[in-house]
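# Fold and geometry: a report
This is what each chain is made of:
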Amino acid sequence: MYSEKVMDHFKNPRNVGEIENASGVGTVGNAKCGDIMRIFLDIDGDGVIQDVKFKTFGCGAAVATSSMATELVKGKTVEEALQVTNKAVMEALDGLPPVKVHCSLLAEEAIHAALWDYAEKNGIKIEGLEQPKNDISEEDEEEDY
Ligand code: FES
């Protein structure tokens, strides 16, 4: 049911962890299943993503898509990272079963939320970026997921 690439990224997820003092942090929840994804971005002065890490309380497809999404945005500018849609991530993984497509949205939304956080902290506007709808604010998230 899953492609080899999905299984690979699920079993050996890339870029799992946290970044201390990250340039931007985004946490989003999936309304359908309640799963949560957090992405940390380290962005340099030129707006290039030097490092990216993720933590999730989510299903296998969410792990695989986040792993692939972090690989795709690493080394890109914030504008280029915006082009990494869930569709692009799914294509890079050779597809996902239809019932799991919503899981791939978590990664995209978490990256957008982290970029939003970065833009707000630096008082800049990133062309084409909107505040993610499923953004979970610091106040109502649980401490220890
Ligand atoms: Fe929740 Fe996949 S079932 S993210």
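Our subject in this report is the structure included herewith. (Residues numbered from 1 in each chain as written. Predicted model: local features only at pLDDT ≥ 70, side-chain atom pairs only at ≥ 80, totals over all residues. Heavy atoms only, no water.)

## Here we look at the overall build of the protein chain
- Along the backbone of the protein chain there are 5 helices and 3 strands.
- Helices and strands in the protein chain line up, N terminus first, as α-β-β-β-α-α-α-α.
- The C-alpha radius of gyration of the protein chain comes to 14 Å, within 12% of the 15 Å expected for a compact globule of 145 residues.
- For the protein chain, the spread of C-alpha atoms along the principal axes amounts to about 45 × 30 × 25 Å.
- Expressed as a percentage of the 145 residues in the protein chain, the buried residues total 47%.
- Within the structure as shown, the protein chain displays about 7,700 Å² of accessible surface, and the carbon and sulfur contribution to it stands at 48%. (Helix = DSSP H or I, 4+ residues; strand = E, 2+ residues; numbered from the N terminus. Rg over C-alpha atoms; globule rule 2.2 N^0.38 Å. Buried < 20%, exposed > 50% of the residue type's maximum accessible area, 1.4 Å probe, protein only. Areas by Shrake-Rupley, 256 points an atom, 1.4 Å probe, with all protein chains shown as cover.)

## Looking at the sheet that holds strand E2 (residues 36-43)
- Strands sit in the order E1-E2-E3 across an open sheet of 3 strands; the sheet is antiparallel. Each edge of the open sheet carries a strand with a single partner, namely strand E1 (24-29) and strand E3 (49-57). Pairs of neighbouring strands in the sheet enclose a mean axial angle of 15°, with direction left out of account.
- For E1 and E2, the ladder comprises 6 bridges, and the chain directions are antiparallel. From the neighbouring strand, glycine 24 faces E2, where its bridge partner is leucine 41.
- Lying over the sheet, helix H2 (residues 60-73) contacts E2 and E3, oriented at roughly 175° with respect to E3.
- Sheet strands in contact with helix H5 (residues 101-122) are E1 and E2, and its direction is about 140° off that of E1. (Pairing = 2+ DSSP bridges. Axes fitted to C-alpha atoms, helices over the stretch in contact; angles between N-to-C directions. Contact = heavy atoms within 4.5 Å.)

## A look at the packing of helix H1 (residues 4-11) against H2
- Orientation of H1 relative to H2, taken along the N-to-C sense of each, is 90°, at an axis distance of 8 Å. Judged on the interaxial angle alone, H2 and H1 are roughly perpendicular. Between H1 and H2, the contacting residues are Val6, His9 and Phe10 on the first element and Gly60, Val63, Ala64, Ser67, Met68 and Glu71 on the second.
- The residue inventory of the contact of H1 with H2, partitioned by class, reads 5 nonpolar, 3 polar and 1 charged. (Parallel < 35°, antiparallel > 145°, perpendicular 65-115°, else oblique. Nonpolar A, V, L, I, M, F, W, Y, C, P; charged D, E, K, R; others polar.)

Everything listed here is a matter of geometry and, on its own, says nothing about what the molecule does.
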